[in-house]
Amino acid sequence: VGGESEGGGGPPAEEDGRGCEGLWELPVEECVRRPECGRCSRPQKVCLCPFLPIHPLTVSTCLYIVQHPAEESRVLRTVPLLAACLPKDKCKVLIGRRFTEDRYPELAAVCRNSHALILYPGAEAVNLEEVSLTSADPSVIIIIDGTCSQAKDIFYKNSLFRLPKQVQLKTSLSSQYVIRTQPTNTCLSTLECAAIALAIMEKNDSIQETILRPLQALCSFQLQHGAQIHHSKEHLLKNGLYDKPMPKNKRKLRRMELLVNNVKI
Ligand SMILES: [Zn+2]
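Residues numbered from 1 in each chain as written. Predicted model: local features only at pLDDT ≥ 70, side-chain atom pairs only at ≥ 80, totals over all residues.

## Considerations on the overall build of the protein
In step 1: When helices and strands are tallied, the protein shows 9 helices and 6 strands.
In step 2: Residue burial in the protein is summarised as follows: out of 265 residues, 26% are buried.
In step 3: Counting contacts in the protein only where the partners sit at least 6 residues apart, residues at least 24 apart contribute 73% of the total. (Helix = DSSP H or I, 4+ residues; strand = E, 2+ residues; numbered from the N terminus. Buried ≥ 20, exposed ≤ 12 C-beta atoms within 10 Å, placed from the backbone. Contact = placed C-beta atoms within 7 Å.)

Okay, structure coming up:
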């Protein structure tokens, strides 16, 4: 690796307070912001680069991550880790909520490509495992990064995303991303989805392992430093561990019943 610059690049030394009258009026963001690692975008002290592949993975699939703007500012971001595992030209991140043909001509062209896929579960989606992937054509997959409701908003309010073939993952893998509460066990983080999808499309299981390694390191690191395991609501309910008062609202109560009984909502 060794791409990090040394010397001179460290955080500014702390002022002792003398001779800097008036400085306290200046905005403090620069001082508060912890120095970030240029490769994994993690604070330098908790850099995950040792868990990333030394060289970007060799893949023929091109990944487009459509990211909800709220996702970029989250503390625990998984997309920079994903991007760090892949060659730059195979992982493109677009941030926004509305993607129109004239503002995103490249994305529009991708959506019109007959080999393009969009990963979004639903009644219309085909299991990715069952899509016949002919290796002769370079394939493209679009993944939406955001909470389930943000992803829903992005998918349904952009007609461009109706053009590619809609696919979903028929996986029994439970989310390993235990730090962030997922509404159901099958709601995977973007990094997990990308890892599984790429392994299927490239017909290479080791891709999944390589991409998930930094996430596993991140989770164990967070747990060692006091973060609590956030099991999904589904897990808590099924194991009698749900300690919040049950909702009074009948619709919410019904939703929870469906969760416990494994009915896909
Ligand atoms: Zn790093």
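This is not the end of the story, as more comes after the structure.
## Re helix α4 (residues 105-112)
In step 1: Where α4 is concerned, the buried positions are Leu 107, Val 110 and Cys 111. Take α4 and look down its axis: the buried residues cluster within an arc of 100 degrees, on one side only. In α4, those exposed residues whose orientation departs by more than 90 degrees from the buried face are Pro 105, Glu 106, Ala 109 and Arg 112.
In step 2: Elements that come into contact with the buried residues of α4 comprise β1 (62-67), β2 (91-95), β3 (116-119) and β5 (140-145). (Arc of directions from axis to C-beta.)

## Looking at the environment of Ala 83
In step 1: Looking at the secondary structure, you find Ala 83 in helix α3 (residues 79-85).
In step 2: Sequence separation between Ala 83 and Ile 211 is 128 residues; the distance between their C-alpha atoms is 9.6 Å.

## Here we look at the sheet that holds β3
In step 1: In spatial order, the strands read β2-β1-β5-β3-β6-β4; together these 6 strands make up an open sheet with parallel pairing. The sheet terminates laterally at β2 and β4 (126-127), the two strands that pair on one side only.
In step 2: In terms of strand pairing, β1 meets β5 through 6 bridges, oriented parallel. Residue Tyr 64 lies in a different strand from β5, and its bridge partner there is Ile 142. (Pairing = 2+ DSSP bridges.)

## Some details on the pairing of β3
In step 1: Where β3 lies against β5, 4 bridges are found, and the strand directions are parallel. Counterpart to Ile 118 in the pairing with β5 is Ile 142.
In step 2: Bridging between β3 and strand β6 (residues 165-168) involves 3 bridges; their strand directions are parallel. Note on β6: the bridge partner recorded for Leu 117 is Lys 165.

## Brief notes about unusual backbone geometry
In step 1: Not every positive phi belongs to a glycine, and Ser 41 is a case in point at roughly 65 degrees.
In step 2: By the secondary structure assignment, Ser 41 is in the loop between α1 (29-32) and β1.
In step 3: For Ser 41, a count of 15 C-beta atoms within 10 Å gives the class partly exposed.
In step 4: At Lys 203, a position not held by glycine, the phi torsion is positive, near 50 degrees.
In step 5: C-beta crowding within 10 Å serves as the criterion here: with 9 such atoms nearby, Lys 203 is assigned to the exposed category.

## Considering helix α5 (residues 148-157)
Because each turn of an α-helix spans 3.6 residues, side chains separated by three or four positions in sequence point in the same direction.
In step 1: By the burial criterion, the buried members of α5 are Ala 151, Ile 154 and Phe 155. All buried residues of α5 project into a common sector of 95 degrees when viewed along the axis, lining one side. The exposed set on the far side of α5, more than 90 degrees from its buried face, consists of Ser 149, Tyr 156 and Lys 157.
In step 2: At its buried positions, α5 is contacted by β1 and β5.

## Focus on the confidence of the model for the protein
In step 1: Confidence in the prediction of the protein, expressed as mean pLDDT, is 76, and 62% of residues score 70 or more.
In step 2: Looking at the elements of the protein, mean pLDDT is at its lowest for α1, recorded as 50, and at its highest for α4, recorded as 96.
In step 3: Predicted confidence for residues 26-31 stays below pLDDT 50, and this span has 0 contacts to residues more than four positions away or in other chains.
In step 4: Below pLDDT 50 for its whole length, residues 179-186 participates in 23 contacts with residues either more than four positions away or in separate chains. (pLDDT = per-residue confidence, 0-100.)

## Describing the nonpolar core
In step 1: Residues Leu 82, Leu 119, Ile 141, Ile 143, Ala 194 and Ala 197 are the most contacted members of the largest nonpolar core, which totals 47 residues.
In step 2: In terms of residue count, helix α6 (residues 190-201) provides more of this core than any other element does, 9 residues in total. (Core = buried A, V, L, I, M, F, W, Y, C linked by C-beta atoms within 7 Å.)

## A few points about the environment of Gln 44
In step 1: Along the chain, the position of Gln 44 falls in the loop between α1 and β1.
In step 2: In this structure, Gln 44 is in contact with Pro 35, Glu 36 and Cys 37, ignoring residues within four places of it in sequence.

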